[in-house]
Protein chains: 2
Amino acid sequence: MATLKEVADSAGVPMLTAFRALNQHDTVDEVTRRCVQEAADKLNYTLKITQIDIADLAGVAKGTVSYALNNSELIKPATRQKVLEAAQMLGYHLNISARNLRMNRTGVVGYSWHVADDPSRMNNLLDRFIYRVTMAAEERHFHLLTFVQPQKNADRVYESLISTSRVDGFIISDVTYNDPRIARLTAMRAPFAAFGGMYLENADFAYVDVDGKKGIRLVMDHLFEQGHERIGLLGWPSGWPFGDAREVSYREAMRDAGIRIENGWIAHTHNILDSAAMAAQKIMNSKFPPTALVCANDLMAFGAKSYLDSVNLRIPDDVALTGYDDDPTAQFLGITSVHQPIDELAEALFEILLGDINQEPLPNRQIIFNPELVIRRSTQ
Amino acid sequence: MATLKEVADSAGVPMLTAFRALNQHDTVDEVTRRCVQEAADKLNYTLKITQIDIADLAGVAKGTVSYALNNSELIKPATRQKVLEAAQMLGYHLNISARNLRMNRTGVVGYSWHVADDPSRMNNLLDRFIYRVTMAAEERHFHLLTFVQPQKNADRVYESLISTSRVDGFIISDVTYNDPRIARLTAMRAPFAAFGGMYLENADFAYVDVDGKKGIRLVMDHLFEQGHERIGLLGWPSGWPFGDAREVSYREAMRDAGIRIENGWIAHTHNILDSAAMAAQKIMNSKFPPTALVCANDLMAFGAKSYLDSVNLRIPDDVALTGYDDDPTAQFLGITSVHQPIDELAEALFEILLGDINQEPLPNRQIIFNPELVIRRSTQ
DNA sequence: TGATCTTTTTGAGACGTCTCAAAAATAGTG
DNA sequence: CACTATTTTTGAGACGTCTCAAAAAGATCA
């Protein structure tokens, strides 16, 4: 296709006039507009400002424009200024696709927010996480592509996204043992960074994590201090590192305190309010009902609280209750919880990923953060 | 850079051998591998399979490969087969950036999921919405780019994304009166489709919506049937079409039923649990306390319920309670709510957007869905 | 002034794809 | 078989950017 300058020359007007004419700008009279339009039509030109147009207007070479726009040190300030002004005048916008092709990168990072057929995450923590990751990415001129991963063969979706150059790398959460996504991405040498991984064996990939065992230990110590000994655990089905670590920590704390875990004190359910409420009921109806209930997260605690309320068990007088994640629900319901420094974590995670993408890996690619206990009226 | 064929020729081996050698494949012996590697180094070649390589292997022209891979009718089945096999053998993956540049489209749609500094949406409805939109997009080989919009000048972010060819169009939610994003995108002729818009005046853009007035009317009629007359409303601050429509509908229903709305029956708060609980308290402490409380959504209803529980007002015996959106919390708490057909809506929305992107606008670019009342124990 | 060194600009070429007009192959017809 | 009509393949070129090696301009010094 022709350039703007060619159209302008053909119409016998200055470039800027041609530009304004094609933009239907008021400053150009009707006759000129039509004339320019005809020239454009003849050359089969549609207005689309590129670096070449800027070069023509500023009277420099296209290479110079590229350097100037990218703030290269090579370019003389005066020239840069000239170029920037021309760009401004023509309302230039970089074409990302062209840059991507040339540089073989995309400035996009993938994150699978939803899992197909199981979209109701109800996970305020991850919501906050993804918000901060997006912020971190955008500050570095990256963008986030969110996609749905299937329950089976999720790794293929990751493979497809990376090998078609749709994304430069991935953020991964909900890491499982022997996670096929991680295996696949590692094999492909595709950049990725995970939220979670410290309690996986041989995790030699980039991750950030919050020490879940430490978090539960904070909860347990707090409950012990309050005089509790009969403490129940409302956890998730095993097989997920996050949940398993929390349960391990609970057991360790009980053992260290010399307290026997009675039958029925531990229940496992999926991360659903109803199930949590029912599980709480089961625990409270066990032979030696606990005086405190530790929940795997705030949603489970909410479910448990609903059950306790419904049978008029007072919190914390009859039963103390704790959650995990410090989400808005727990704040509202006054449930003692564990705060995770999601903001810093997300930032760090993206930094690590960016290092890998740029082939300049950070020295420390595995960072562990500390959780914080947030005491509320559900335990005191 | 050189092509795989050139490397193979230079090393004096068949293309496939060269390919496998560069992949460190076991089937190629050490000597050949090194030989090929040297040839590649000499030509400054790094393995990256393109359509040209497929063409070389299949013995056809590169144009043929493109046609074949895109299932063009032009290509003879036998040829297509040959090409596909070659592609398979070389593990070919399309380079999206190149296609995007050539076709001047991206296959990406933008959606601003979070608003800067106000990330805690706690909006299960929109979460489901975005899940279904993503699914709809991916079924059509599109992807979703989620970004954070600033509180001020959000339209600039939209402009930047579209004018740099980062996205082909937008999904928009939380539409306001005189929404600057819509003004901007309309002025730029950028494709977009909104969730919400039926109660905006002169909304001549593409949207889908669920009739919010109708939804509240369903709630009100249900409450009237249950014998309620003193009905309060827990709504949002005015200025948002969604909320305003609900309040208007409440007022119309009361007027049609010939019931005077007493002082203190209507409260407005932000979409926060705490605020909702406090507002509920205010309403219930008004001079003529209502016997039923209609909430703008389920989160507000949850907040209200917490207050009612805390003062031992029984639901529904002392006060009936309704929400809106039919989210998991309402399901769990047994709160009567209004279901919106989010799944169909998201699908329809994306179809409309896709039509606009492809410059083949659907005939019906504004679709209104009907809400459904879900009666639970909070009202009977 | 001319020679040398440094800074700045230039212009070509490549990234991988799609698509057009033109060429080649094939089928159909008398 | 020759000719036309149709189907299929070809190969060049364009999309807009970045970057390299080379050229030009400017600075420094004898």
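Residues numbered from 1 in each chain as written. Chains lettered and ligands numbered in written order. Predicted model: local features only at pLDDT ≥ 70, side-chain atom pairs only at ≥ 80, totals over all residues. Heavy atoms only, no water.

(A) Layout of the relation of the copies chain B and chain A. When chain B is brought onto chain A, the operation consists of a screw motion whose angular component is 180 degrees and whose axial shift is 0.0 Å, with 0.0 Å RMSD remaining. Interpreted geometrically, this transformation is the action of a two-fold axis. Among all C-alpha atoms of chain B, that of Leu145 of chain B lies closest to the rotation axis, at 2.2 Å. Same-surface contact between copies: 100% of interface residues of chain B are shared with the interface of chain A. (Least-squares fit on C-alpha atoms with pLDDT ≥ 70 in both. Contact = heavy atoms within 4.5 Å.)

(B) Seen up close, the sheet that holds strand β6 (residues 231-235) of chain A. Residue and element names in this part refer to chain A. The parallel open sheet is built from four strands, whose spatial order is β7-β6-β8-β9. On the outer flanks of this sheet lie β7 (266-268) and β9 (320-322), each paired with one strand and no other. The mean inter-strand angle of the sheet, taken between neighbouring strand axes irrespective of direction, is 15 degrees. In this structure, strand β8 (residues 292-295) lies alongside β9, joined through three bridges in parallel fashion. Bridge pairing in β9 places Ala292 opposite Ala320. Relative to the sheet, helix α12 (residues 241-256) contacts β6 and β7, its axis offset from that of β6 by approximately 170 degrees. The sheet contacts of helix α13 (residues 273-284) involve β6, β7 and β8, and relative to β6 the element is tilted by about 155 degrees. (Pairing = 2+ DSSP bridges. Helix = DSSP H or I, 4+ residues; strand = E, 2+ residues; numbered from the N terminus. Axes fitted to C-alpha atoms, helices over the stretch in contact; angles between N-to-C directions.)

(C) Spatial organisation of the nonpolar core. Formed by 52 residues in total, the largest nonpolar core has its most connected members in Leu234, Leu293, Cys295 and Leu321 of chain A together with Leu234 and Leu321 of chain B. Going through the elements one at a time, α13, β8, α14 (298-310) and α15 (328-333) of chain A together with α13 (273-284), β8 (292-295), α14 (298-310) and α15 (328-333) of chain B are the ones with two or more residues in this core. Setting aside residues no more than four positions away along its own chain, Leu321 of chain A makes contact with Leu293, Cys295, Ala301, Ala304, Lys305, Leu308, Ile315, Ile335, Thr336, Ser378 and Thr379 of chain A. One finds Ala190 and Phe205 of chain A together with Phe170 and Ala194 of chain B within the second-largest nonpolar core, a separate group that totals 42 residues. (Core = buried A, V, L, I, M, F, W, Y, C linked by side-chain atoms within 4.5 Å. Buried < 20%, exposed > 50% of the residue type's maximum accessible area, 1.4 Å probe, protein only.)

(D) Highlighting helix α7 (residues 96-103) of chain B. Regarding α7 of chain B, the residues found buried are Ile96, Ser97 and Asn100 of chain B. Projected down its long axis, α7 of chain B carries its buried residues within an arc of 100 degrees, all on one side. Exposed side of α7 of chain B, more than 90 degrees from the buried face: Arg102 and Met103 of chain B are the residues found there. Packed against the buried residues of α7 of chain B are α7 (96-103) of chain A. Among the residues of α7 of chain B, the N-terminal cap falls to Asn95 of chain B, whose side-chain oxygen and the backbone nitrogen of Ser97 of chain B are separated by 2.8 Å. Count one or two residues on from α7 of chain B and you reach Asn104 of chain B, which has phi positive near 55 degrees. (Arc of directions from axis to C-beta. Polar contact = N/O pair within 3.5 Å; in protein donor to acceptor, adjacent residues only side chain to side chain.)

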